[in-house]
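A closer look at the structure
Below are the chains, spelled out letter by letter.
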Amino acid sequence: MHTSLPDFEMPNEEQVHLAAESFRLLSDPTRIKILWALLQGESSVACLAELAGAAPTAVSQHLAKLRLAGLVKGRREGTFVYYSAADEHVRRLLAEGLFHADHIDRGDHDQDSSAATAQPARAAS
């Protein structure tokens with residue numbers, strides 16, 4: 001069936017594994033809050049902990065995992081490390097997920113919209 005599609009191509013195993021790992025890391029609400037905050041600008045662990053409503057040690061552990069997965073990067077300034085989202089792909093990935101969640105929440109399952117530029121209504125609160 002799929003062989004009749006001219007441009008059909010399955011992702012390779014490494015792509016599938018890396019994508020699944022990224023989605024696994026994004027399955028935690030605290031990590032989503034941390035990433036959303038980092039998409040607004042660079043931040044420290046203490047500030048992220050306050051924004052996410054979590055203990056600084058927990059946020060630090062989340063950041064370490066997100067950094068290993070390539071979703072977050074850190075910049076050292078003296079004894080402090082300031083974190084930011086790794087790149088525009090992270091913004092699009094998170095925006096799509098939140099946009100989709102917002103549509104499910106509002107019952108807009110069948111609407112076709114581009115979330116690459118859209119911001120979820122509930123994300124700002």
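Here's what I pulled together on the structure shown here.

A full pass over the atoms with the stated rule returns 1 aromatic pair. Relative to Tyr82, the ring of Phe80 lies with its centre 6.4 Å away and its plane at 35°, an arrangement referred to as tilted.

As a further point, take the pairing of strand β1 (residues 72–77). Sheet topology note: the β1/strand β2 (residues 80–85) ladder contains 6 bridges and is antiparallel. Bridge pairing in β2 places Lys73 opposite Ser84. Counting the residues that bridge the hairpin from β1 to β2 gives 2 residues, and of these Gly78 lies at a positive phi of roughly 65°.

What follows covers the side chain of Ser84. Mapped onto the elements of the fold, Ser84 is located in strand β2. Among the residues examined, Ser84 registers a relative accessible area of 16% and is labelled buried. Those residues in contact with Ser84 that sit more than four places away from it in its chain are Leu38, Glu42, Val72 and Lys73.

Calculation notes
- Residues numbered from 1 in each chain as written.
- Predicted model: local features only at pLDDT ≥ 70, side-chain atom pairs only at ≥ 80, totals over all residues.
- Heavy atoms only, no water.
- Phe/Tyr/Trp six-rings, centres within 6.5 Å; stacked < 30°, edge-to-face > 60°.
- Pairing = 2+ DSSP bridges.
- Helix = DSSP H or I, 4+ residues; strand = E, 2+ residues; numbered from the N terminus.
- Buried < 20%, exposed > 50% of the residue type's maximum accessible area, 1.4 Å probe, protein only.
- Contact = heavy atoms within 4.5 Å.

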